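Take a look at the letters that make up each chain.
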Amino acid sequence: MKAGIEAISFYVPKYYLDLKTLAAERGIDHAKYYNGLGQEKMAIVPPDEDVVTMGASAALRAMEKVNPASIDTVLFATESGIDQSKSAAVYVHGLLDLPSHCKCVELKQACCSGTAGLLMALAMVRQQPAKKVLLVASDIARYGFGTAGEPTQGGGAVAMVLSTEPHLMAIDPQNGSYSDDVMDFWRPNYMEEALVDGKYSIKVYVKALTECWNQYVRETGHDFDYFDWFCYHLPFTRMGEKAHMHLAKYADVHGYTKAQLMEQIAASLRYNRQTGNLYTASLYVGLTSLLESPAELAGSRLGLFSYGSGCVGMFFGGQVMENYQAHLKTSDHQHMLQDRIELDYPTYRKMYGYRLPQDGQQHDTPVYHTGPFRLAGINEHKRIYTAVQAEIEADTDAKNQCIRSEQHRPENTKHMVSVA
Ligand code: COA
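Residues numbered from 1 in each chain as written. Predicted model: local features only at pLDDT ≥ 70, side-chain atom pairs only at ≥ 80, totals over all residues. Heavy atoms only, no water.

A. Fine view of the packing of aromatic side chains. This model, assessed by the stated rule, comprises 22 aromatic pairs. A centroid spacing of 6.1 Å and a plane angle of 65 degrees characterise the contact between tyrosine 143 and phenylalanine 185, whose relative ring orientation is edge-to-face. Linking tyrosine 143 in the loop between strand 6 (132-141) and strand 7 (154-163) with phenylalanine 185 in strand 9 (residues 185-186), this pair joins segments that are 42 residues apart in sequence. Accessibility classification places tyrosine 143 together with phenylalanine 185 in one group, the buried group. Each member of the aromatic cluster is reached from another via a ring pair, and the members are Trp213, Tyr216, Phe224, Tyr226, Phe227, Phe230, Tyr232, Tyr256 and Phe315. Sitting over the face of the ring of tyrosine 16, lysine 41 holds its NZ or CZ atom 4.7 Å from the ring centroid. Directly above the aromatic system of tyrosine 91 lies the positively charged group of lysine 86, at a separation of 4.3 Å from the ring centroid. (Phe/Tyr/Trp six-rings, centres within 6.5 Å; stacked < 30°, edge-to-face > 60°. Helix = DSSP H or I, 4+ residues; strand = E, 2+ residues; numbered from the N terminus. Buried < 20%, exposed > 50% of the residue type's maximum accessible area, 1.4 Å probe, protein only. Lys NZ or Arg CZ within 6 Å of the ring centre and 35° of its normal.)

B. Seen up close, the pattern of salt bridges. A complete count under the given rule lists 13 salt bridges for this structure. One salt bridge in this structure joins glutamate 150 and arginine 26, with 2.7 Å as the shortest N-O distance. Here arginine 26 lies in helix 1 (residues 19-26) and glutamate 150 lies in the loop between strand 6 and strand 7, a separation of 124 residues in the sequence. For glutamate 150, a relative accessible area of 1% corresponds to the buried category. A salt bridge links arginine 374 to aspartate 48; the shortest N-O distance between them is 2.8 Å. In this pair, arginine 374 is assigned in strand 16 (residues 373-379) and aspartate 48 in the loop between strand 3 (41-44) and helix 3 (51-62), connecting sequence segments 326 residues apart. Its relative accessible area of 0% is what places aspartate 48 among the buried residues. It is possible to trace a salt-bridge network through shared partners that takes in Glu6, Lys132 and Glu165. (Salt bridge = Lys/Arg side-chain N within 4 Å of Asp/Glu carboxyl O.)

Structure (structure tokens):
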């Protein structure tokens, strides 16, 4: 029985910083960011969005053609969790009005918990083929201002429906995995920004890739030539290139030029160059970028490597289905990326510096352009989420009410504002 990805969609906020702007501010040649790291833009999350609103926005689009009653489980992968106890999956379940019989759980292991969720989801649907799993991976990659990690920030979410009707890609049951207790990247609970030993992390990433590959080959007997295309976890897109060159050398492949090897990953890097690191979502935005490229992929075999610092790695494969293009959201994704608003440096600093008040009083968040959902505020330490359309309708109702009764509009009625 085939199982895999039935639908996939990603979401990034409406705002981005061009890394030329950051380079100018830091006195660095922008070619270091554009070419050395392979990053051009990074998505910036406004104060009225978080992993829940981004995850729900991605999920809303992924669920467009899926019967909500078929969803048995909502898994939410993140390393930017908003609560130590309540899972972000429960909020998404509520915002999407999913059936109450769903199980909702949050998963964590740095950037690879999305893949852990995917493998768990596939095991579930193989056991109960009529049921489907909604998997959301959503993160805000945040490093200190002025640190080497700063140009590799980003934020966004991906949502996938996993089922035994894999319209996009069937995923093989075997995988190679590897864990090691190392400190290459981490974020203590009391810190807002991640700590990273970047150069060490690259070494550990590559070691994890080698170990996963070894185990994958032992499990399956497949070799490098079995795959047509590869997708890697992308903390920055040059990492994908480094990883692929390493794997080709390690696997001792013959008959490929460097250009041919780069061709095997180039299509998976396009979107990430524009979004920055999305942690748990990065690998799957890369996969979406590949699937939505002009290349004809039906029947192609894809190799995917997931890496989560700390560290855990997983390598697995799958095959693209016939007629997969009909199930993609290519135009939506491309418009979403093109229609974003560029920030100047002071606005970037302001947005990244914003923190939700922690005093337990009622606070409304400033209103920015968002997707279908926004974090409207906080009260008694509870986050308040709204559906933007419902908020606009309530606003219009309030306005009409005011006109009818010739009263002034309420002070707390919200407006959309633009920042750039
Ligand atoms: N033009 C073109 N390329 C340039 C350049 C220029 N003017 N100046 C430097 N470069 C290249 C360097 O040669 C290097 O390329 P190489 O890796 O092929 O040698 C690349 O740009 C990066 O330069 P480097 O000096 O190594 O960068 P850095 O010290 O600023 O750190 C990272 C880069 C990636 C280590 C850092 O951004 C980081 O730690 N990011 C976070 C990564 C992360 O989150 N990892 C954990 C999860 S996987």
